[in-house]
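Breakdown of the fold
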Amino acid sequence: MWKCALAAVMMVVAGAVTALAQAPAAQGGLPPGSEAPSGNWVIAYIEVAPGSEAKALAALKALKAASAKDNGYLSMTVLQRNGQPNHFVVVEHWKDNKMREAHAASAHVKTAREALQAIEAAPYDERPHRELTTGQNNPGGSIYAVTHVDFIPTFRQKGEELLQTFAFEGRRSDGNARFDVLSQASRPNHMTIVAVWNNIEAWKRHTAAQSTKDFRTELLPKSGSLYDERLYRVVN
């Protein structure tokens, strides 16, 4: 009797494996029923081979000039990392997701990607985002702090509340030009902070402020990875 039952179970398992193997793959490698990330902000990370910085800058500046003519364009900021000049970040803002997608499919984006691919040290890492909270004090600012914050999924809502408070306090800080928090479209428990400071001393004061210490203390037990803050300068 038990041999018959075991054989029946094995037949069911084999049938399930066969069905999975024959199931059509979703377009773009996404799981069935899922959709491409949707967001009107983009944070893109670019790493090129050391010594290729000038070529990367030329490609990124040409991309920005051409993108400014696209429908729905609001802004594109090209940043170069302090201390590691072969690392770049591009912060894009579009009127809506459809216009962002149309831009991404344009010929000038393809041209820029091909130029960067020829000198890359790592693949072009583009991450669509949605706005959580944004606010500007002035249009200036020379220091950009781009920070990745990752919350354990069960703490996502609390994490968003913490970040909104942190951003509010950041905008009140002396020397802050802008303080934005964006939520990654494909992983909403992953956040990106883009804080702009008038000078390095303003960033230092904010880093040492009690409100920052309180935020970091409450963040730690709820975070899923290291608090990854990197400093950049505008190059466009």
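What you see is a predicted model; the values in this text were computed from it and never measured. (Residues numbered from 1 in each chain as written. Predicted model: local features only at pLDDT ≥ 70, side-chain atom pairs only at ≥ 80, totals over all residues. Heavy atoms only, no water.)

**Comments concerning the packing of helix 2 (residues 53-67) against helix 4 (residues 107-117)**
In a packed pair of helices, the relevant descriptors are the angle between the two axes and the axis-to-axis distance. Using the following cut-off: Inter-axis angles, ranging from 0 to 180 degrees, are taken between N-to-C directions of lines fitted to C-alpha atoms, where helices are fitted over the stretch in contact. Only DSSP runs of H or I covering at least 4 residues are called helices, and only runs of E covering at least 2 are called strands; the numbering of each starts at the N terminus. Here the word oblique covers every angle except those under 35 degrees (roughly parallel), over 145 (roughly antiparallel) and from 65 to 115 (roughly perpendicular). Only heavy atoms enter the contact rule, under which two residues are in contact if any of them lie within 4.5 Å. Three categories are distinguished: nonpolar for Ala, Val, Leu, Ile, Met, Phe, Trp, Tyr, Cys and Pro, charged for Asp, Glu, Lys and Arg, and polar for the others, with Gly belonging to the last.
Taken N-terminus to C-terminus, the directions of helix 2 and helix 4 make an angle of 175 degrees; their axes are 9 Å apart at the nearest point. The orientation of helix 2 with respect to helix 4, classified from their angle, is roughly antiparallel. Along the contact surface, helix 2 presents Ala 56, Ala 59, Leu 60, Leu 63, Ala 66 and Ser 67, while helix 4 presents His 108, Val 109, Ala 112, Ala 115 and Leu 116. Of the residues belonging to the contact of helix 2 with helix 4, the class tally is nine nonpolar, two polar and no charged.

**Quick word on the pairing of strand 4 (residues 125-133)**
Put simply, the rule is: Paired strands are those between which DSSP finds at least two bridges.
Both strand 1 (residues 41-47) and strand 4 contribute to a ladder of five bridges, which runs antiparallel. Counted as the bridge partner of Val 42 is Pro 128 from strand 4. Direction of pairing for strand 4 relative to strand 6 (residues 176-184): antiparallel, over a ladder of four bridges. Residue pairing for strand 6: Arg 130 is matched across the bridge by Ser 183.

**Focus on the confidence of the model for the chain**
Heads up, the condition is: A residue's pLDDT is the confidence the predictor assigns to it, expressed on a 0 to 100 scale.
On average, residues of the chain carry a pLDDT of 88, and 85% of them reach 70 or more. Below pLDDT 50 for its whole length, residues 1-34 participates in four contacts with residues either more than four positions away or in separate chains.

**Topic: the packing of aromatic side chains**
Heads up, the condition is: Between 30 and 60 degrees the pair is tilted, below 30 it is stacked and above 60 it is edge-to-face, where a pair is any two Phe, Tyr or Trp rings, Trp via its six-membered ring, whose centres lie within 6.5 Å. The cut-offs for exposure are 20% and 50% of the maximum accessible area for each residue type, with area from a 1.4 Å probe on protein chains only; residues under the lower value are buried, those over the upper are exposed, and the others partly exposed. Should the NZ of a Lys or the CZ of an Arg lie within 6 Å of a ring centre and within 35 degrees of the ring normal, that charge is described as sitting over the ring.
Per the counting criterion, the structure on display carries five aromatic pairs. Considering the side-chain rings of Phe 166 and Phe 179, the 5.5 Å spacing of their centres and the 85 degrees angle between planes classify their relative orientation as edge-to-face. Placement of Phe 166 in helix 5 (residues 156-172) and of Phe 179 in strand 6 is noted, with a sequence separation of 13 residues between them. Here Phe 166 and Phe 179 have matching classes, each one buried. Their ring planes at 5 degrees and their centres at 4.0 Å tell us that Phe 166 and Phe 215 sit as a pair that is stacked. Remark: Phe 215 occurs in helix 7 (residues 210-219) and Phe 166 occurs in helix 5; sequence separation between them is 49 residues. Here Phe 166 and Phe 215 have matching classes, each one buried. What links up through ring pairs into an aromatic cluster is the set Phe 166, Phe 179, Trp 197, Phe 215 and Tyr 227. Across from the ring centre of Tyr 124, 3.9 Å away, lies the NZ or CZ of Arg 113, which sits over that ring.

**Overview of helix 2**
For clarity, the cut-off: Here the expected span of a helix is defined as 1.5 Å times the quantity of residues minus one. Arc definition: directions from the helix axis to the C-beta atoms.
Compared with the 21 Å implied by 1.5 Å per residue over 15 residues, the 21 Å span of helix 2 between its first and last C-alpha is a close match. Residues of helix 2 that are buried: Glu 53, Ala 56, Leu 57, Ala 59, Leu 60, Leu 63 and Ser 67. Projected onto a plane normal to the axis of helix 2, the buried residues spread over an arc of 165 degrees and lie on a single side. Exposed and facing more than 90 degrees away from the buried side of helix 2 are Ala 54 and Lys 55. Among the structural elements, strand 1, strand 2 (73-81), strand 3 (87-94), helix 3 (97-104) and helix 4 are those in contact with the buried residues of helix 2.

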